[in-house]
Amino acid sequence: MSTPYDWLDRSLDSIHKANWYRSTQTVTSKAGTISMIDGREMLMFASNNYLGLAGDRRLIDAAIKATEMYGTGSTGSRLVTGHLALHEELESAIADLKNTEAALVFSSGYLANLGTIAAIVGARDLILGDAYNHSCLKKGGLLSGATAIDYQHLDLADLTAKLQEHRAKYRRCLITTDSVFSMDGDLAPLREIIDLAHQYDCMVLVDEAHGTGVFGDRGGGLTQALGIRENLIQVGTLSKALGSLGGYVAGSAKLIDYLRNRAATWIYTTGLSPADTGAAIAAIKIIKTENNLREKLWQNVGFLKQGLQNLGFQAIAFDSPIVAIEMGDIAKTLQIATHLRENGIFAPAIRPPTVPTPRIRLTLMANHTHEQIQYFVQCLQAW
């Protein structure tokens with residue numbers, strides 16, 4: 001007998017046939033360069049733990065201390081019972097890190113983007129976003145009801161053309177971009193985007209998920225590294241270089257006050273747990289004062305660049321700790337990922353529909369050794 005759920009079988013079959021099927025990999029160890037994955041010790045080259053802080057004893061101790069003081073959960077939404085003094089401390093630390101008037105902490109970076117975009121634009125407005133923007137930026141546009149149009153990746157001429165064609169038809173315009181693109185590792189031309197925003201009277205939202213902690217002399221992100229002080233909307237996560245969980249929006253005091261009253265993904269969800277909040281506070285203190293972590297990370301990027309270029313990989317962006325190695329079609333890329341895994345390296349294939357072209361997405365950490373990086377290069381050379 002048929003049921004209303006029979007379509008699931010057909011859909012899953014289509015996913016398998018397209019080589020798009022995904023499954024989880026079970027990790028049974030603390031975050032670091034060596035992980036136990038599905039019961040096997042693996043050299044980790046797929047983690048967003050850029051500074052190695054997710055396994056840092058100081059963050060662990062801060063999470064324990066916060067849990068002992070506040071309990072395991074914040075027990076409610078921030079506007080009811082879930083607003084802790086710890087949240088205020090974290091938001092002040094983020095505002096200081098980002099050089100903004102204020103900040104607001106969400107339960108995830110995805111929720112931060114969804115809630116912010118849906119709150120600041122609506123059906124009478126226009127969103128122009130980089131074609132390679134993260135899913136949460138695109139989904140935030142859909143949720144807002146605004147007209148959302150992509151411009152070609154990093155293409156300022158195309159962004160300018162679309163502003164000339166469409167801007168005058170809409171009440172407000174929001175330009176959205178990642179600062180560091182998560183699947184390619186390349187960087188947005190933020191200064192030029194801001195100049196266009198001034199020219200066409202647009203707001204700008206920059207997602208610093210992969211820039212926070214990694215760029216800038218205090219870890220404030222690509223905006224800080226470029227010396228950008230304009231009134232932007234800066235979004236980011238606490239779950240990558242900061243080694244915790246959660247998301248944030250940083251900007252003017254008026255923006256943050258508005259979002260407290262209009263961002264549904266903040267208003268109607270439970271506040272960030274004490275443990276995550278405490279760990280994030282500890283991480284921010286570390287990244288603002290310990291430049292050696294970033295220095296080691298960038299040394300590792302340079303070492304990998306030299307190794308890959310010696311193998312003939314010349315057309316790869318080495319602008320960030322994310323390195324996308326395009327090796328061919330989906331089948332070949334999956335074979336290479338399997339080869340690496342058989343040699344004890346976890347660097348999975350990323351493929352459509354997540355990205356337009358398949359690649360091995362490699363991420364570096366500050367606590368990778370040169371020997372570990374050299375071993376990866378040797379395994380790639382053997383293939």
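Residues numbered from 1 in each chain as written. Predicted model: local features only at pLDDT ≥ 70, side-chain atom pairs only at ≥ 80, totals over all residues. Heavy atoms only, no water.

Novice: Summarise the side chain of arginine 359; cite the residues concerned and give the values.
Specialist: Tracing the backbone through its elements, the reader meets arginine 359 in strand β13 (residues 359–363). A polar contact is formed between the side chain of arginine 359 and the side chain of glutamate 326, at a distance of 3.4 Å. Here the side chain of arginine 359 touches threonine 357 through a polar contact of 2.7 Å, landing on its backbone oxygen. Excluding residues within four positions of it along the chain, arginine 359 makes contact with Met183, Asp184, Ala324, Ile325, Glu326, Thr333, Pro348, Ala349 and Ile350. (Helix = DSSP H or I, 4+ residues; strand = E, 2+ residues; numbered from the N terminus. Polar contact = N/O pair within 3.5 Å; in protein donor to acceptor, adjacent residues only side chain to side chain. Contact = heavy atoms within 4.5 Å.)

Novice: Give a detailed account of the UniProt feature "domain: Aminotransferase class I/classII large" (unreviewed entry) in the protein, specifying residues and quantitative values.
Specialist: As recorded in UniProt, the sites labelled "domain: Aminotransferase class I/classII large" (unreviewed entry) are residues 41–378. The span residues 41–378 shows a helical share of 44% and a strand share of 16%, and its end C-alpha atoms are spaced 19 Å apart. (UniProt positions renumbered as here; feature names shortened; annotations may be inferred.)

Novice: Can you break down the packing of aromatic side chains residue by residue, with the values?
Specialist: Here the structure, examined in full by the defined rule, presents two aromatic pairs. An angle of 50° between the planes, with centres 5.5 Å apart, marks the rings of phenylalanine 45 and phenylalanine 376 as tilted. Of the two residues, phenylalanine 45 sits in the loop between β2 (40–44) and α2 (57–70) while phenylalanine 376 sits in helix α14 (residues 370–382), which places them 331 residues apart along the sequence. Given the relative accessible area of 1%, phenylalanine 45 is considered buried. Assessed through its relative accessible area of 0%, phenylalanine 376 is described here as buried. Here the aromatic rings of phenylalanine 215 and tryptophan 298 are separated by 5.3 Å at their centres, their planes lie at 65°, and the arrangement is edge-to-face. With a gap of 83 residues between them, phenylalanine 215 in the loop between β7 (203–207) and α8 (222–225) and tryptophan 298 in helix α12 (residues 291–310) connect regions that are remote in the sequence. According to the relative accessible area criterion, phenylalanine 215 is buried, its value standing at 9%. (Phe/Tyr/Trp six-rings, centres within 6.5 Å; stacked < 30°, edge-to-face > 60°. Buried < 20%, exposed > 50% of the residue type's maximum accessible area, 1.4 Å probe, protein only.)

Novice: I'd like to hear about helix α11 (residues 274–289), residue by residue, with values.
Specialist: Along its 16 residues, α11 runs 23 Å from first to last C-alpha, staying within 8% of the 22 Å computed at 1.5 Å per residue. Within α11, 12 of the 16 residues are buried, leaving the element largely enclosed by the surrounding structure. Buried within α11 are the following residues: Pro274, Asp276, Thr277, Gly278, Ala279, Ala280, Ile281, Ala282, Ala283, Ile284, Ile286 and Ile287. Looking at the buried residues of α11, the elements they touch are α2, α3 (85–98) and α12. (Expected span 1.5 Å × (residues − 1).)

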